[in-house]
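# Residue-level structure breakdown
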Amino acid sequence: MAEAMGFFTDTTICIGCKACEVACKSWNQLPARDGGAPQLTGLSYDNTAKLDGIHWRHVAFIEQFDQPYDGRWLMMSDVCKHCVQAGCLEVCPTGAIIRTEFDTVVIQSDVCNGCRACIAACPFGVIDVNPVAGTAQKCTLCYDRISEGLEPACSKACPTDSIQFGTVAELRERARGRVRQLHADGQEDAYLYGADPDGPLGGLNAFFLLVDDPHVYGLPREPELPSARLAGSSFFGAVGAAVLAILGVVGLRKRRMDELASEPAVPAEGEP
Amino acid sequence: MIPDTYFSAAPDWTWWIVPYFFIGGIAGGAYFISALLVWFGRAEDRPVIHAGFYIATIGAVIGGILLILDLGRPERFWHMLFLNQDLPRLAFKSYSPISFGAWGLMGFGAIATASALGAAAAERRFGLRPFPWLNRGPFWKALVALGGFFGFFVAGYTGVLLTVTNRPVWADSPMLGMLFIASAASTAAATLILVGRRRFHTATIEWLSSFDAAVLVFELLVLIAFLATLGAAIDAWLGWWGAVLLVGVVLAGILVPLALHWRPRWFDAYGRRDAGRRGVWLARLSAERKVASAVLVLVGGFLLRLAVIMASEGIEHARLVRETLP
Ligand code: SF4
Ligand code: SF4
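Quantities reported herein were computed from a predicted structural model and do not represent experimental measurements.

Each value, and the rule that gives it
- Residues numbered from 1 in each chain as written.
- Chains lettered and ligands numbered in written order.
- Predicted model: local features only at pLDDT ≥ 70, side-chain atom pairs only at ≥ 80, totals over all residues.
- Heavy atoms only, no water.
- 1 Å grid on protein atoms, 1.4 Å probe; cavity = no way out; pocket = protein on both sides within 12 Å on 5 of 7 lines; lining within 4 Å.
- Points joined across faces, edges and corners; volume = space filled by probe spheres on them.
- Helix = DSSP H or I, 4+ residues; strand = E, 2+ residues; numbered from the N terminus.
- Nonpolar A, V, L, I, M, F, W, Y, C, P; charged D, E, K, R; others polar.
- Near = heavy atom within 4 Å.
- Pairing = 2+ DSSP bridges.
- Axes fitted to C-alpha atoms, helices over the stretch in contact; angles between N-to-C directions.
- Contact = heavy atoms within 4.5 Å.
- Buried area = accessible area lost by both parts, 1.4 Å probe.
- Salt bridge = Lys/Arg side-chain N within 4 Å of Asp/Glu carboxyl O.
- Polar contact = N/O pair within 3.5 Å; in protein donor to acceptor, adjacent residues only side chain to side chain.
- Buried < 20%, exposed > 50% of the residue type's maximum accessible area, 1.4 Å probe, protein only.
- Phe/Tyr/Trp six-rings, centres within 6.5 Å; stacked < 30°, edge-to-face > 60°.
- Lys NZ or Arg CZ within 6 Å of the ring centre and 35° of its normal.
- pLDDT = per-residue confidence, 0-100.

### Quick word on the layout of surface pockets
If a probe the size of a water molecule is rolled over the atoms, the empty space left behind becomes visible. If you add up the space inside the largest pocket, you get close to 530 Å³. Every residue lining the largest pocket is counted, 27 residues in all, and those nearest its centre are Gly64, Leu67, Ile68, Ala102 and Leu105 of chain B. Elements that contribute at least two residues to the lining of the largest pocket include exactly α1 (17-40), α2 (46-70), α3 (97-122) and α4 (137-163) of chain B. With 9 residues, the top contributor of residues to the lining of the largest pocket is α3 of chain B. Taken together, the residues of the lining of the largest pocket break down into 21 nonpolar, 5 polar and 1 charged. Roughly 370 Å³ of internal volume is contained in the second largest pocket. What lines the second largest pocket is a set of 29 residues, and nearest its centre among them are Lys50, Leu51 and Gly125 of chain A together with Ala9 and His317 of chain B. Every element with two or more residues in the lining of the second largest pocket is listed here: β2 (57-67), β3 (70-79) and β6 (128-130) of chain A together with α11 (318-321) of chain B. When grouped by side-chain class, the residues that make up the lining of the second largest pocket number 15 nonpolar, 6 polar and 8 charged.

### Some remarks on the site of ligand 2
Around ligand 2 lies a shell of 14 residues, among which Cys92, Cys112, Cys115, Arg116 and Cys118 of chain A are the nearest. For the shell around ligand 2, the per-class residue count stands at 10 nonpolar, 3 polar and 1 charged.

### Focus on the sheet that holds strand β10 (residues 206-210) of chain A
Residue and element names in this part refer to chain A. With mixed pairing, 4 strands are arranged side by side in an open sheet as β8-β1-β10-β9. Each edge of the open sheet is held by one strand with a lone partner, namely β8 (163-167) and β9 (191-193). Pairwise comparison of adjacent strand axes, ignoring direction, gives a mean angle of 25 degrees for this sheet. Bridge count for strand β1 (residues 5-10) against β8 is 5 bridges, and the pairing is antiparallel. Bridging across to β8, Thr9 finds its partner in Ile163.

### A few points about the interface of chain A and chain B
Of the residues lining the interface, 74 residues belong to chain A; the matching set on chain B comes to 75 residues. Taken over both partners, the interface formed by chain A and chain B buries close to 5,900 Å², and the fraction arising from carbon and sulfur atoms is 59%. The partner of Arg255 of chain A in a salt bridge is Asp45 of chain B, and the shortest N-O contact between them spans 2.7 Å. At the junction of chain A with chain B, the criterion picks out 29 residue pairs in polar contact (both at pLDDT 80 or more). Elements supplying a minimum of two residues to the side of chain A that touches chain B: β2, α2 (87-91), α3 (117-121) and α7 (230-262) of chain A. No other element matches α7 of chain A, which puts 20 residues into the side of chain A that touches chain B. Of the residues assigned to the side of chain A that touches chain B, the class counts are 38 nonpolar, 21 polar and 15 charged.

### Quick look at unusual backbone geometry
Looking along the chain, the bond that leaves Leu87 of chain B and enters Pro88 of chain B is cis, with omega of -5 degrees. Notably, Asp34 of chain A is not glycine yet its phi reads approximately 50 degrees, a positive angle. Its location among the elements puts Asp34 of chain A in the loop between α1 (19-27) and β2. Located in the positive-phi region is Leu201 of chain A, a residue other than glycine, with phi close to 60 degrees. Mapping Leu201 of chain A onto the fold places it in the loop between β9 and β10. Note on Leu201 of chain A: relative accessible area 5%, which makes it buried.

### Considerations on the site of ligand 1
Taken together, 14 residues form the shell around ligand 1, and within it Cys80, Lys81, Cys83, Cys88 and Cys122 of chain A come nearest. Split by residue class, the shell around ligand 1 holds 10 nonpolar, 2 polar and 2 charged.

### Brief notes about the packing of aromatic side chains
Applying the stated criterion across every chain, the model contains 20 aromatic pairs over all chains. Ring geometry for Tyr45 of chain A versus Phe61 of chain A: centroids 6.4 Å apart, planes at 50 degrees, classification tilted. Of this pair, Tyr45 of chain A sits in the loop between α1 and β2 while Phe61 of chain A sits in strand β2, placing them 16 residues apart in sequence. Given the relative accessible area of 55%, Tyr45 of chain A is considered exposed. Taking the relative accessible area as the measure of exposure, Phe61 of chain A reaches 7% and is therefore buried. Aromatic side chains Trp13 of chain B and Trp170 of chain B sit 5.9 Å apart centroid to centroid with 15 degrees between the ring planes, which places their arrangement in the stacked category. In this pair, Trp13 of chain B is assigned in the segment before α1 and Trp170 of chain B in the loop between α4 and α5 (176-196), connecting sequence segments 157 residues apart. With respect to class, Trp13 of chain B is no different from Trp170 of chain B; both count as buried. Three or more aromatic residues joined by ring pairs form one cluster here, namely Tyr45, Phe61, Phe65 and Trp73 of chain A. The ring of Trp27 of chain A carries Arg145 of chain A above its face, with NZ or CZ at 4.7 Å from the centroid. Against the face of Phe180 of chain B rests Arg305 of chain B, its NZ or CZ located 4.9 Å from the ring centre.

### Examining the confidence of the model for chain B
Mean pLDDT over chain B works out to 90, with 92% of the residues at or above the 70 mark. As scored by the predictor, the complex reaches a pTM of 0.93 and an ipTM of 0.91.

### Quick look at the environment of Leu210 of chain A
All names here are of chain A. With respect to the secondary-structure elements, Leu210 resides in strand β10. We classify Leu210 as buried; its relative accessible area is 0%. Distance in space between the C-alpha atoms of Leu210 and Met76 is 8.6 Å, their sequence separation being 134 residues. Excluding anything up to four places from it in sequence, Leu210 contacts Thr11, Met76, Asp189, Ala190, Tyr191, Tyr193, Tyr217 and Leu219.

Here is the structure:
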C-alpha cells in the first residue's frame, strides 16, 4: 500500500472563494442542481447548502456577529473525511465502497445499486445520490488524479492553501505546527478536528483546524461507527422475540388448561 | 444540546420502505404464529397454520419487490447477493444489516415458499398431490421451527437496520428492533383474525385475539422504553409525527383494541343507552369487535412504521436549520 494520503483543511485561512467547489465540480463533471437555477439558502453567502451526490466540496459560511463590527466570520471547506474507520464502507452491502491503496474511501459507481445505506451511516452527512447516476456519490479524493501523481482538483485550486494535500503523517505534523503558531499569536481556541489516530473513527484522513465547537461548523462532536449499535439493538430484538414466544406458548397452554377444566370430554388430541 | 445524530443526512427511505417494513413484519409474524401452533397447537389449528404460511410467502415476495423498487438502480439488485466484480463470490457482511437482511429475507422466502407448497398440496390446491414430508413429521417440524426464527429475523432486522445508522431517532435508542418485532406479531395476529374469522375454529380465533392483546401490552411497554431511551432526540416527536404516534399508534392502534378485547361492555353500553347514529355505530363496532380491533391494530402497525421513519427522514442537517450552533 502506498502511504495514507489526505487533506488538511485550515479553516482560519479560508476566504470563502469557493474555488474548490468549482474545481471539484468541473474535474468530476458533476451536474448543476435544478439546471443551475440559483438557490437561496438564507445561510449567509452559502448557496450550496450541504455536501451531497453532486457537491463533493462545500464551503460553509458561519456568521458570528453579536454587534455589527463586532464578530467574526467562520468559513470552512467541508469534504468527505476519508475516515480510517468509515461507517459508509462498513454498511455498504454491495462492496461498492472500498478502501484504496491511498487509505482513502471510494464509492465505485458501477457497483453501487443505490440502496442508500451509506447515506444514513456516514456520521457527517457527506453522501447522497447523484440523480444522474442513480447511485450514491461523494469525494474520491480525486482517485484518478492521485493515481497519476497529480494533486486533487480542490487543493490545487485553493488560492490560500486552506486546503492542503499530502501524506497524512506529514499533514498532521504541519497542522500541529500551525496550531502552535496560532496559540502563540493569541488564537487560543485553535485545535485539530480528526487528526488524532486514537480519537473517534481512528482519525480522519481529511482533518480540519477549527476555532469553535464542532457543532458550530456542522460537525458531530463524537462521530461513531453505526456498527457500534449493532450488538445492543440485536440483543433487544432477541429479548423481544423471546418474550413473544413465551407469550404465545403460555397462551396456548392456558387454552388447554381452560378446556380441560371446563369440558370433561377432552377434545380430540392430535398433531396439528 | 443537539445530538450528534442531527449532523447526518437522510437516506430517503420512504414510500417503498414504509410498506416493506409493514408487510415484511406481517409476513415474519405470520410465520412465527404458524410455527408456534405447529409445535404447541392442536389439530383444529391447521387452517391457521396454513394461512400463516401463505401470508408469509406472499409477504416475502411483495417485500422483495418493494425493496428492489426502492433502489436507485433496481436492475442491480443482485449486487446485494453477489460481488458483481468478483463472481461468483457472495456479497455478505455480518455487520451490515442490509447485507445480512437481504440474505435473511431470501432464506425466509425459501422456507415460507416450501411450507406454503406443502400446505397447498395437503389442501390439494392447484392440482397438487400431498407430499407428507413437507406437511408433517419431524423434518417438517424442524423446518418450521427454523422458519419461525427467520420470521423473527425478518420482522426485527428492519428495526436493527434503522438503529445501525447515524440518523436521529433511529440511532438514538437500541429498542427499534424489539419494537418492530412486537408490532410484527400484533399485526400478523390481526391479519390472521381478519383472514380466518369465518373459517378458523373459534378456539383458535379466541387464542389469536388474546395473544394479540398480550402482544399489544408488550408493544406499548416497548414503545415507552423506546421513547424513554431517545435522550435529546425525543425533540423529533414534537410535531405532526408525534401526533400520529400518540393518536394513531398508541390510542387507535393499541389502547382501543385492548379496550375492545377486555372491556367490550363499554361499547355495548353506548349502543343501548343512545339510539342515535353514534349508538348504532358503536353497537355494531362491539358486535364486530374482533374485526374492528384487528383493523385498528393493522392501521396502528402501519402508522408506527410511517411515523418512526418519517420523524427521522424529516430532520435536516442541523446546520441548515439552526442559525447559530450550538
Ligand atoms: S466522512 Fe462519511 S462518506 Fe467520508 S469516509 Fe467517513 S463515513 Fe464515509
Ligand atoms: S448506496 Fe451504493 S455505495 Fe451506498 S451502501 Fe448502497 S450500494 Fe453501497
